[in-house]
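Summary of structural features
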Amino acid sequence: MDHDQNMLVQAEMLALLEGMPASLVETHPVQFLMHLDQVRQKAAQHHLTALHDLSCACEATLQQALQRGSGVVVADSYIAAMEEALTCGPINSAMSEALLASVALRLGGQP
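The text that follows walks through the structure, step by step, so that each part is easy to find. These figures come from a predicted structure and were not determined experimentally.

Turning next to unusual backbone geometry. The phi torsion at His-47 lies on the positive side, around 60°, for a residue other than glycine. Within the secondary structure layout, His-47 lies in the loop between helix 3 (29-45) and helix 4 (49-68). The exposed category is assigned to His-47, whose relative accessible area is 68%.

So, on to the environment of Val-39. Within the element layout of this structure, Val-39 appears in helix 3. Judged by relative accessible area, Val-39 falls into the buried class, the value being 0%. In this structure, the C-alpha to C-alpha distance between Val-39 and Ala-15, residues 24 residues apart in sequence, is 10.0 Å. Ignoring any residue separated from it by four or fewer positions in sequence, one finds Val-39 in contact with Met-13, Leu-16, Leu-17, Met-20, Leu-51, Ser-55 and Met-82.

It is worth spelling out helix 4 at this point. Here helix 4 is 20 residues long and its end C-alpha atoms lie 29 Å apart, about the 28 Å a rise of 1.5 Å per residue gives. At Leu-62, helix 4 shows its largest bend, some 30°. When helix 4 is considered as a whole, its buried residues turn out to be Ala-50, Leu-51, Leu-54, Ser-55, Ala-57, Cys-58, Leu-62 and Ala-65. Following helix 4 by one or two positions, Gly-69 adopts a phi angle in the positive range, close to 80°.

A few words now on the pattern of salt bridges. Per the counting criterion, the structure on display carries three salt bridges. With a closest N to O distance of 3.1 Å, Arg-40 and Asp-37 form a salt bridge. Here Asp-37 and Arg-40 lie together in helix 3, a separation of three residues that amounts to about one turn. Residue Arg-40 is classed as buried on the basis of its relative accessible area, which comes to 14%.

This paragraph deals with helix 5 (residues 71-87). With 17 residues, helix 5 extends 24 Å from end C-alpha to end C-alpha; this agrees with the ideal 24 Å at 1.5 Å per step. Turning to helix 5, its buried residues are Gly-71, Val-74, Ala-75, Ser-77, Tyr-78, Ile-79, Ala-81, Met-82, Ala-85 and Leu-86.

Counting residues in hydrophobic clusters, the biggest one holds 29 residues, and the most contacted among them are Met-13, Phe-32, Val-39, Leu-54, Tyr-78 and Met-82. Contributions of two or more residues to this core are made by helix 1 (3-18), helix 2 (24-27), helix 3, helix 4, helix 5 and helix 6 (93-106). Beyond its immediate stretch of four places on either side in the chain, Phe-32 contacts Met-20, Pro-21, Ala-22, Leu-24, Val-25, Leu-62, Ala-75 and Ile-79.

Here the focus is the environment of Ala-104. Looking at the element boundaries, Ala-104 is found in helix 6. Classification of Ala-104 by relative accessible area gives buried; the value is 15%.

Calculation criteria
Residues numbered from 1 in each chain as written. Predicted model: local features only at pLDDT ≥ 70, side-chain atom pairs only at ≥ 80, totals over all residues. Heavy atoms only, no water. Helix = DSSP H or I, 4+ residues; strand = E, 2+ residues; numbered from the N terminus. Buried < 20%, exposed > 50% of the residue type's maximum accessible area, 1.4 Å probe, protein only. Contact = heavy atoms within 4.5 Å. Expected span 1.5 Å × (residues − 1). Bend = angle between axes of the 7 residues up to and from the residue. Salt bridge = Lys/Arg side-chain N within 4 Å of Asp/Glu carboxyl O. Core = buried A, V, L, I, M, F, W, Y, C linked by side-chain atoms within 4.5 Å.

Below you can see the structure in the form of structure tokens.
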């Protein structure tokens, strides 16, 4: 992908992330998950592996967090990590795993 295309994709993905505030998890969880699915699909389409992996991990973690009532905290941590993944440019799978571990540590769990 050329630089202009990368910037367009980055802007599109950031707009999607900004359109899904963490507070949406409490008020409209299904809508939040639909936005998250859109992020995952676009990430796969543009070969943004880290963003795709983070969105998948977010959904899996949210299922458990919603049962405990801590969905907003989880969503906020993952949204921050997804934004970081977008701004750091292309990364390999090891760096993607490091981002996932970082989120797990932020949430107080084990990577």
